[in-house]
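The primary structure of each chain is shown beneath.
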Amino acid sequence: MKVPLLDLKSQYKTIKDDVLKVVEEIFESQYFILGPHVEALEKEIAGYCRTRHAVGVSSGTDALLISLMAAHIGHQAGVITTPYTFFATAGSIVRAGARPVFVDIDPNTYNISPECIDTVIADMSEEERGRLKAIMPVHLYGQCVDMQNILKIAEKYNLIVIEDAAQAIGAEHNGMRAGAMGDFGCFSFFPSKNLGAFGDGGIVTTNSEALNDKLRILRVHGGRPKYYHKMIGGNFRLDALQAAIVSIKLSHLDNWTKARQENARNYRELFADANIGDLVRLPLEKENRHIYNQFVISLKEKRDELRLFLNSAGIGTEIYYPAPLHLQECFSYLNYKKGDFPAAEYAASHTLAIPIYPGLSDDQQGYVVEKIKEFVRL
Ligand SMILES: *Cc1c(COP(=O)(O)O)cnc(C)c1O
């Protein structure tokens, strides 16, 4: 049996007619950059995320970068974030001219730990604390960070909050949606995200009128009116084709999310029946509305061997992420070392994402769990 990690081709079949219609309309109009389709999507996403504004941008990475620029976070400012995330999170902080301050994760949810943030801030020198300007929490795998405590810390130290919600569109914490709790919410339409475009794209949500305005100016090189620049932005524009396709997919998103959540429930039952809980740990569902961008299991041992075994059985898996960011060569100047963030380092060497996409069948899920059981009982 074949079980891919993600199957976008079968998803495409269900929306093909709508997509081809709008693509043809845009081709006929020859209006490709920003414009009415982008404006329409911005309204829809703001509604979906329950924020006042949304600004379409060129990628999730650019969503992070433009938010940092709009908040003037540069000049060696400190930005607290997690070492266990996709590279773009910390990469954007450095590109903006700021400095990542890594903080360890909660080993149960893989999200940044507010308790560890408190400890890191308490250990800072007066000068370091003075440079601290922002927190960039990442809602990893589709589950929100404990934002209530993040916002308390932000208020106490007067920090800007930039949510990296690239994996978490529609996820909730205390009834609030991802992207609606911080000063900015940054989303990605990379094809493998729950709401993916047919190329690159992203969006920034905010409740601030002033920040919304600034984002819109920065998106077009900082020019307003055109050719007159009070600030330096970049080409962070979203194109009409991507916006129109994302808009079609958005109308299916809640159904797809429901299917992911059902798959997660099904895995929990199948793993419970397999009785291998001493060797395979399942992800903790802590927040109410986890959207399961990934379903990530943790192996007591032999994670890489299991991955090869599943691969040869036709089952797709991925390691998100094999190397924590504090140990990346490009960040060696930050002087972190192995052992600084034990929970992140443990996760990087023990976890494995297994298929969870909406079209997955019961038989496929049963096969995945059966093969995992076969391997760990070898
Ligand atoms: C995908 C992702 C990004 C980057 O999004 P792109 O659209 O690929 O630039 C940033 N942060 C996280 C956590 C992501 O998963």
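Residues numbered from 1 in each chain as written. Predicted model: local features only at pLDDT ≥ 70, side-chain atom pairs only at ≥ 80, totals over all residues. Heavy atoms only, no water.

S.K.: Which residues make up helix α7 (residues 147-157), and what are the values?
M.R.: Turning to α7, its buried residues number three or more, namely M147, I150, I153 and A154. All buried residues of α7 project into a common sector of 120° when viewed along the axis, lining one side. Seen from the open side of α7, the exposed residues pointing more than 90 degrees away from its buried face are K152, E155 and K156. Packing partners of the buried residues in α7 comprise α5 (114-122), β4 (132-136), β5 (160-164) and β6 (172-173). N158 occupies a position one or two residues after α7 and carries a positive phi of about 60°. (Buried < 20%, exposed > 50% of the residue type's maximum accessible area, 1.4 Å probe, protein only. Helix = DSSP H or I, 4+ residues; strand = E, 2+ residues; numbered from the N terminus. Arc of directions from axis to C-beta. Contact = heavy atoms within 4.5 Å.)

S.K.: Tell me about the UniProt feature "active site" (unreviewed entry) in the protein chain, residues and numbers included.
M.R.: The UniProt feature table records "active site" (unreviewed entry) at K193. Structurally, the position occupied by K193 is in the loop between β8 (184-188) and β9 (202-206). With relative accessibility at 17%, the residue K193 sits in the buried group. With near-sequence residues (within four places) excluded, K193 lies in contact with A166, Q167, S188 and N293. (UniProt positions renumbered as here; feature names shortened; annotations may be inferred.)

S.K.: Mind laying out the side chain of Q167, listing which residues take part and the relevant values?
M.R.: Considering the arrangement of structural elements, one finds Q167 in the loop between β5 and β6. Judged by relative accessible area, Q167 falls into the buried class, the value being 9%. In terms of polar contacts, Q167 uses its side chain to reach the side chain of Y321, at 2.9 Å. Residues in contact with Q167, not counting those within four places in the same chain, are H139, L140, Y141, G142, K193, I291, N293 and Y321. (Polar contact = N/O pair within 3.5 Å; in protein donor to acceptor, adjacent residues only side chain to side chain.)

S.K.: Account for the state of the cysteines, with residues named and values stated.
M.R.: Across all of its chains, the model carries 0 disulfides by this definition. With no disulfide of its own, C49 lies 10 Å from the sulfur of C144, the closest cysteine sulfur. Note on C330: no disulfide assigned, nearest cysteine sulfur contributed by C186 at a separation of 20 Å. When its relative accessible area of 43% is taken as the criterion, C330 is described as partly exposed. (Disulfide = S-S within 2.5 Å.)

S.K.: How would you summarise the nonpolar core if you had to cite specific residues and measurements?
M.R.: Among the nonpolar cores identified, the biggest contains 42 residues, and I45, I80, I117, I169, F189 and L195 are the most heavily contacted of them. If you list the elements that add at least two residues to this core, you get α2 (36-49), α5, β4, α7 and α9 (240-274). Of all the elements, α2 adds the most residues to this core, at 6 residues. Within the second largest apolar cluster, 28 residues are counted, among which are L279, I315, I319 and I372. (Core = buried A, V, L, I, M, F, W, Y, C linked by side-chain atoms within 4.5 Å.)

S.K.: Explain α9 to me, and be specific about the residues and the numbers.
M.R.: Look at α9: 48 Å from first C-alpha to last across 35 residues, which is about the 51 Å you get at 1.5 Å a residue. Within α9, the axis deviates most sharply at H252, by approximately 50°. Structurally, the start of α9 carries an N-cap: the backbone nitrogen of L241 is 3.1 Å from a side-chain oxygen of D239. One or two positions beyond α9, positive phi appears at N275, with a value near 60°. (Expected span 1.5 Å × (residues − 1). Bend = angle between axes of the 7 residues up to and from the residue.)

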